[in-house]
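Spelled out, the chains give:
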Amino acid sequence: MLQGPTMDPRIASELLLRLPHLHLRMAEHSRRAQAMADMLAELGAKVLYPGLPGHKQHDVLTRLLNPGYGYGGLIGIDMGTAVKAEALMERLQNRHGFGLMAVSLGYADTLMSLSAASTSSEMDQADLEAAEISTGYVRMSVGITGSLPQRLAQLQEAYTFVTNWNGMPPYRATKVRRQANGMMMEVLSWPSSGPQEDAGPQEPDSEADNILLPEAAEIVAAACAASQALLCKTKGPLGAHEGAIRPASSQTTSNTLICTDTAASSHASASRLRPSPGLEDCLERPVKYRRLDDETHVVYTPLGTFG
């Protein structure tokens, strides 16, 4: 209907290329979705998948499905709250490369979305409740990339992590990388319990005390853009200092932050930090970091809020 009476030649060619192996892909989508749903159910998750015997339409779909193609590739995971749902999706996407946070029903990679805030956002609360769509309902379209054991391990780790911390871990990990123009820019960000979860067996934890100014201010500025607030404590050639850092405003760039620390602010030309009031409600935990190479760091910023 959208293409008119004659299909576009390019689209027709793409369909012809993909149709011969459609049955193989659909069978694999279903196989992986079933394995993930079974594992989540064993972990005690509130998971909705018609391949589970407890699903209210399991018997209906069992009668209707084509043998060998399973129960489809769509899984619903009710995390209870939007905070926990978003933490799950962020950790899966940005720490593990498990899939993508995107609104769609199918792709080679796994796609994840928060239904109440995306495809069903136009529904009022009564309709959402009638449809059994909670604010923490994650719709997952299971892909076929990566090995199944790898994806199962990633999903188990992320779900366990989020439930153990109740969606509120103490740190936010942000990978930052120096660009060609010299600026440190955020690459990926995810909820974290700190550098110990990423350290190798022989790698000790390191803290921002080891970052020398002005590099400290620049790296932390780029890393903290995703954090609500933090109390930064560093030590460099100018001596020990501390300051509250938070995003300046919605109009500023992603690595522009406010800093109460006069020492770090002295390097404003490199990091674009400037003074701001309001320290009393910050969490007093130090920024920590791991150096991956000369251009890339993972910075762990303590999560907190300003009053």
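Up top you'll find the structure we're talking about.
What counts, and at which threshold
Residues numbered from 1 in each chain as written. Predicted model: local features only at pLDDT ≥ 70, side-chain atom pairs only at ≥ 80, totals over all residues. Heavy atoms only, no water. Axes fitted to C-alpha atoms, helices over the stretch in contact; angles between N-to-C directions. Helix = DSSP H or I, 4+ residues; strand = E, 2+ residues; numbered from the N terminus. Parallel < 35°, antiparallel > 145°, perpendicular 65-115°, else oblique. Left-handed = near helix turned anticlockwise from the far one by under 90°. Contact = heavy atoms within 4.5 Å. Nonpolar A, V, L, I, M, F, W, Y, C, P; charged D, E, K, R; others polar. Expected span 1.5 Å × (residues − 1). Pairing = 2+ DSSP bridges. Phe/Tyr/Trp six-rings, centres within 6.5 Å; stacked < 30°, edge-to-face > 60°. Lys NZ or Arg CZ within 6 Å of the ring centre and 35° of its normal. Salt bridge = Lys/Arg side-chain N within 4 Å of Asp/Glu carboxyl O. Buried < 20%, exposed > 50% of the residue type's maximum accessible area, 1.4 Å probe, protein only. Core = buried A, V, L, I, M, F, W, Y, C linked by side-chain atoms within 4.5 Å.

Visitor: Please explain the packing of helix α4 (residues 82-96) against helix α6 (residues 148-164) as it appears in this structure.
Guide: Relative orientation and spacing of two packed helices are given, respectively, by the angle between their axes and the distance between those axes. Interaxial distance between α4 and α6 falls to 9 Å at its minimum, and their mutual angle equals 140°. When the interaxial angle is binned, α4 and α6 end up oblique. As α4 packs across α6, the resulting crossing turns out to be right-handed. On the side of α4, the interface is formed by K84, A87, L88, R91, L92, R95 and H96, while α6 contributes R151, Q154, L155, E157, A158, Y159, F161 and V162. When grouped by side-chain class, the residues that make up the contact of α4 with α6 number eight nonpolar, two polar and five charged.

Visitor: How should I be thinking about helix α2 (residues 22-42) in this particular structure?
Guide: Owing to its 3.6 residues per turn, the α-helix aligns residues three or four sequence positions apart on the same side. Relative to the 30 Å expected for 21 residues at 1.5 Å per residue, α2 spans 31 Å between its end C-alpha atoms, a close match to the ideal helical length. Against the buried residues of α2 lie β1 (46-48), β2 (74-78) and α6. Where α2 terminates, the next one or two residues include G44, which has phi positive at roughly 90°.

Visitor: What am I meant to see in the sheet that holds strand β3 (residues 99-101) here?
Guide: By way of backbone hydrogen bonds, the strands of a sheet pair with one another, either parallel or antiparallel. The mixed open sheet is built from five strands, whose spatial order is β1-β2-β5-β4-β3. The open sheet terminates on both sides in strands that have one partner only, identified here as β1 and β3. Going across the sheet, the axis of each strand differs from the next one's by a mean of 25°, ignoring polarity. As paired strands, β3 and strand β4 (residues 110-114) are joined by three bridges and run parallel to one another. Counted as the bridge partner of G99 is T110 from β4. Along the sheet face, α2 touches β1 and β2 and points at about 20° away from the line of β2. Along the sheet face, α4 touches β3, β4 and β5 (137-141) and points at about 160° away from the line of β4.

Visitor: Can you help me understand the packing of aromatic side chains in this one?
Guide: Think of a pair of aromatic rings as described by two things: how far the centres are apart, and how the planes are tilted against each other in angle. Evaluation of the coordinates by the stated rule reveals zero aromatic pairs. Taking the ring centre of F161 as reference, the NZ or CZ of R91 above it sits at 3.6 Å.

Visitor: Honestly, the pattern of salt bridges in this entry has me stumped. Any pointers?
Guide: Side-chain pairs of opposite charge can arise where the charged atoms are in close proximity. Applying the stated rule across the entire model yields eleven salt bridges. Here E28 and R31 are joined by a salt bridge, their closest N and O atoms 2.8 Å apart. Pair noted here: E28 and R31 are both in helix α2, with a separation of three residues, about one helical turn. A relative accessible area of 45% means that R31 is categorised as partly exposed.

Visitor: Is there a simple way to explain unusual backbone geometry in this structure?
Guide: In terms of backbone geometry, most residues other than glycine have negative phi values and most peptide bonds are trans. Of note in this structure, E132 is not a glycine but carries a positive phi near 60°. Relative to the elements of secondary structure, E132 occurs in the loop between α5 (125-130) and β5. Looking at E132, the relative accessible area reads 48%, which means it is partly exposed. Of note, the phi angle at N166 is positive, near 55°, even though the residue is not glycine.

Visitor: How should I be thinking about the side chain of Q154 in this particular structure?
Guide: Mapped onto the secondary structure, Q154 falls in helix α6. A relative accessible area of 9% places Q154 in the buried class. With near-sequence residues (within four places) excluded, Q154 lies in contact with L92, H96 and F98.

Visitor: How should the packing of α2 against α6 be read in this particular structure?
Guide: It is the contact of α2 with α6, at a shortest axis distance of 10 Å, that shows an interaxial angle of 35°. α6 is crossed by α2, and the crossing has right-handed handedness. Of the residues in α6, those in contact with R31, R32, A35, M36, M39 and L40 of α2 are L148, R151, L152, L155, Q156 and Y159.

Visitor: Sorry, what's going on with the environment of K46 here?
Guide: Assignment of secondary structure puts K46 in strand β1. Since its relative accessible area comes to 54%, K46 is described here as exposed. Each C-alpha atom, one on K46 and one on G80, is 8.8 Å from the other, the two residues being 34 residues apart in sequence. Beyond its immediate sequence surroundings of up to four residues, K46 is in contact with G76, I77 and D78.

Visitor: Help me understand the nonpolar core, please; the structure alone is not making it clear to me.
Guide: Considering soluble globular proteins, one finds that nonpolar side chains tend to be buried as a cluster. Judged by nonpolar contacts, the single largest core of 31 residues is most densely connected at L40, I75, M79, L92, M140 and L155. Taken together, the elements giving at least two residues each to this core come down to α2, β2, α4, β4, β5 and α6. Look past the residues within four positions of I75 in its chain and what remains in contact with it is A33, M36, A37, V47, L48, Y49, V138, R139, M140 and V142.

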